[in-house]
Amino acid sequence: MPDLLLELFSEEMPAETQLPASEDLKKYIIDGFINKSVSYLNTVNFSTPQRICIFVEGLASVSQKKVDLKRGPRLDAPSKAIEGFAASVN
């Protein structure tokens, strides 16, 4: 399983902002993985005065396909209902 190391460089950060910035980066990355159904084993985040990092261990090589099933109107429904449904799902 592949791993990911994301390291962001910056100007020197004050000590009190390093940990919150590292936690925020971890939250954004993990939320993105959850939204896209990407599985992983573990994450570790850390920071220094000039960088914030996240290490994601055990990323899935292949993502599971996500299927959304949306039921529309019957075929003999009024045309406005069919057009409205088609517009709502692009």
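Relevant structure appears above.
These numbers come from a predicted model, not from an experiment. (Residues numbered from 1 in each chain as written. Predicted model: local features only at pLDDT ≥ 70, side-chain atom pairs only at ≥ 80, totals over all residues. Heavy atoms only, no water.)

Brief notes about the overall build of the protein chain
Okay, step 1: Tallying secondary structure elements over the protein chain gives two helices and three strands in all.
Okay, step 2: Counting from the amino terminus, the protein chain carries its helices and strands in the arrangement β-α-β-β-α.
Okay, step 3: Here the C-alpha radius of gyration of the protein chain, 21 Å, is well above what a compact globule of 90 residues would show, namely 12 Å.
Okay, step 4: By its C-alpha atoms, the protein chain is 65 × 30 × 15 Å across when sized along the principal axes.
Okay, step 5: Looking at the protein chain as a whole, 18% of its 90 residues are labelled buried.
Okay, step 6: Restricting the contact set of the protein chain to residue pairs at least 6 apart, pairs at least 24 apart contribute 59%.
Okay, step 7: For the protein chain, the accessible area works out to roughly 7100 Å², and carbon and sulfur atoms hold 56% of it. (Helix = DSSP H or I, 4+ residues; strand = E, 2+ residues; numbered from the N terminus. Rg over C-alpha atoms; globule rule 2.2 N^0.38 Å. Buried < 20%, exposed > 50% of the residue type's maximum accessible area, 1.4 Å probe, protein only. Contact = heavy atoms within 4.5 Å. Areas by Shrake-Rupley, 256 points an atom, 1.4 Å probe, with all protein chains shown as cover.)

Brief notes about the side chain of Ser22
Okay, step 1: With respect to the element layout, Ser22 can be found in helix α1 (residues 15–35).
Okay, step 2: Relative accessible area serves as the criterion here: at 1%, Ser22 is assigned to the buried category.
Okay, step 3: Within the structure, the side chain of Ser22 is placed 3.3 Å from the backbone nitrogen of Phe46, a separation counted as a polar contact.
Okay, step 4: With residues near it in sequence (within four places) discarded, Ser22 still touches Asn45, Phe46, Ser47, Ile52 and Cys53. (Polar contact = N/O pair within 3.5 Å; in protein donor to acceptor, adjacent residues only side chain to side chain.)

Observations regarding the environment of Glu7
Okay, step 1: Within the secondary structure, Glu7 sits in strand β1 (residues 4–9).
Okay, step 2: Residues Glu7 and Ile54, 47 residues apart in the sequence, show an inter-C-alpha distance of 6.7 Å.
Okay, step 3: Among all residues touching Glu7, those that are not within four sequence positions of it are Arg51, Ile52 and Cys53.
Okay, step 4: Side-chain polar atoms of Glu7 contact the side chain of Arg51, separated by 3.0 Å.

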